[in-house]
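The lines below spell out each chain.
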Amino acid sequence: MEELIIPCRFNGPPDSGHGGYVAGRLAAGWGPQAVGEGVTVILRSPPPLETPLRVRGDGEWLRLYHGEQPVAEARPGRIETPPIPAVPYEKALAAADGYRGAGNDTPYGMCFACGPRRPDGLRLAPGPVAEDTVAAAWIPDESLPFGPELVWAALDCPGGWTTDLMARPALLGTMTARVTGLPAAGERCVAMGRLLRREGRKFFTATALYGEDGRLLGQADQIWVELTPR
């Protein structure tokens, strides 16, 4: 893999790539290690859409560049947090009533994973189901790309919504994930997220994705970074 292009469908913020999806695409460059212990991806700058990005590896890291600007880097990693237990699908579906990003004023309305105005996205609506824990019901549409990057994308936003992103906006900074299975189109899945701790402007989260039969499809450890007020 020498070049990577992020199609405009897979945006997070309106003009840049969705962090989980981009991380999953880059992590795929590590092959089987992305399914074993996991891969750690650090996002350095907003990934541009519909733009050829260079991929360079040195045996330790895979690095993604836009021109000379570092975009992301990936290396084998290890999941530290046990998988968050799943709640029943019906409970995850009901949790959408508490989804903080559902309003018309949300800046995340067009996000590929959690944007409520995206008919061609995942339309995750992570809402609270316990203290510091959110869940989202998800039925993958057949139009989606059913590769590991789809699981990475589904594991992204539930971590961010363990806190109030409307009051304290943040971006995904680091994500260590492993994919253990893929969902099927039409399968009733549950995505979980849990806030672990805060350190200054950083907050640490864990996420997990389950299939309809309760099998673990993937899990992630994340570090989010709150944006500084303008």
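Residues numbered from 1 in each chain as written. Predicted model: local features only at pLDDT ≥ 70, side-chain atom pairs only at ≥ 80, totals over all residues. Heavy atoms only, no water.

Draft legend 1. Spatial organisation of the layout of surface pockets. One number sums up the size of the largest pocket: a volume of about 690 Å³. Considering the residues around the largest pocket, the lining is formed by 31 residues, among which P13, A170, L171, L172 and L227 are closest to the centre. At the level of elements, α3 (148-160), β8 (170-179) and β11 (216-226) are the ones that each hand at least two residues to the lining of the largest pocket. (1 Å grid on protein atoms, 1.4 Å probe; cavity = no way out; pocket = protein on both sides within 12 Å on 5 of 7 lines; lining within 4 Å. Points joined across faces, edges and corners; volume = space filled by probe spheres on them. Helix = DSSP H or I, 4+ residues; strand = E, 2+ residues; numbered from the N terminus.)

Draft legend 2. Examining unusual backbone geometry more closely. Backbone geometry places E50, a non-glycine residue, at a positive phi of 50 degrees. The residue E50 is located in the loop between β2 (39-43) and β3 (53-57) in this model.

Draft legend 3. Region of the structure containing helix α1 (residues 19-27). Within α1, 8 of the 9 residues are buried, leaving the element largely enclosed by the surrounding structure. Within α1 the residues assigned to the buried category are G19, G20, Y21, V22, A23, G24, L26 and A27. (Buried < 20%, exposed > 50% of the residue type's maximum accessible area, 1.4 Å probe, protein only.)

Draft legend 4. View of the nonpolar core. One finds I6, V41, L64, L122, W138, W152 and L209 to be the most contacted residues of the largest nonpolar core, which totals 54 residues. It is α3 that contributes the most residues to this core, 7 residues altogether. With sequence-adjacent residues up to four places away left out, L64 is seen in contact with L4, V22, L26, L53, R54, V55, Q69, P70, V71 and A72. (Core = buried A, V, L, I, M, F, W, Y, C linked by side-chain atoms within 4.5 Å. Contact = heavy atoms within 4.5 Å.)

Draft legend 5. Expanded view of the pairing of strand β10 (residues 202-210). Counting buried residues in β10 gives 8 out of 9 residues, a clear majority hidden from the surface. What sits between strand β9 (residues 189-199) and β10 in their antiparallel hairpin is a turn of 2 residues, with G200 showing a positive phi close to 65 degrees. Here β10 folds back onto β11 in antiparallel fashion, the turn holding 5 residues, of which G214 has a positive phi close to 85 degrees. (Pairing = 2+ DSSP bridges.)

Draft legend 6. Local environment of the pairing of β11. Within β11, 8 of the 11 residues are buried, which leaves the element mostly enclosed by the surrounding structure. Taken together, the 9 bridges between β8 and β11 define a ladder with antiparallel strand orientation. Counterpart to A177 in the pairing with β11 is A220. Relative to β11, β10 runs antiparallel, the two being bridged by 9 bridges. When the sheet's bridge partners are listed, F203 is paired in β11 with W224.

Draft legend 7. Focus on the packing of aromatic side chains. Counted by the stated rule, this structure contains 6 aromatic pairs. Between F10 and F112, the ring centres sit 4.9 Å apart and the planes meet at 75 degrees, which makes this aromatic pair edge-to-face. Within this pair, whereas F10 is found in the loop between β1 (3-4) and α1, its partner F112 is found in the loop between α2 (89-95) and β6 (127-130), the two being separated by 102 residues in sequence. Side by side, F10 and F112 carry an identical accessibility label, which is buried. Three or more aromatic residues link up through ring pairs in this structure, and these residues are F10, Y21 and F112. Sitting over the ring of F204, R197 keeps its end group 3.9 Å from the ring centre. (Phe/Tyr/Trp six-rings, centres within 6.5 Å; stacked < 30°, edge-to-face > 60°. Lys NZ or Arg CZ within 6 Å of the ring centre and 35° of its normal.)

Draft legend 8. Region of the structure containing the state of the cysteines. Scanning the model with the defined rule gives 0 disulfides in all. Lacking any disulfide linkage, C114 is separated from the closest cysteine sulfur, that of C157, by 3.7 Å. On the basis of relative accessibility, which here comes to 2%, the residue C114 falls in the buried class. In this structure C189 is a free cysteine whose sulfur lies 16 Å from that of C157, the closest cysteine sulfur available. (Disulfide = S-S within 2.5 Å.)

Draft legend 9. Here's a closer look at the packing of α1 against α3. The interhelical angle for the contact between α1 and α3, taken along N-to-C directions, is 145 degrees, at an axis separation of 7 Å. For the crossing formed where α1 meets α3, the hand is right-handed. Contact residues: G19, G20, Y21, A23, G24, R25 and A27 in α1; E149, W152, A153 and D156 in α3. A class-by-class count of the residues in the contact of α1 with α3 yields 5 nonpolar, 3 polar and 3 charged. (Axes fitted to C-alpha atoms, helices over the stretch in contact; angles between N-to-C directions. Left-handed = near helix turned anticlockwise from the far one by under 90°. Nonpolar A, V, L, I, M, F, W, Y, C, P; charged D, E, K, R; others polar.)

Draft legend 10. View of α3. Most of α3 sits out of view: 12 of its 13 residues are buried. Of all the positions in α3, only E149, L150, V151, W152, A153, A154, L155, D156, C157, P158, G159 and G160 are classed as buried.

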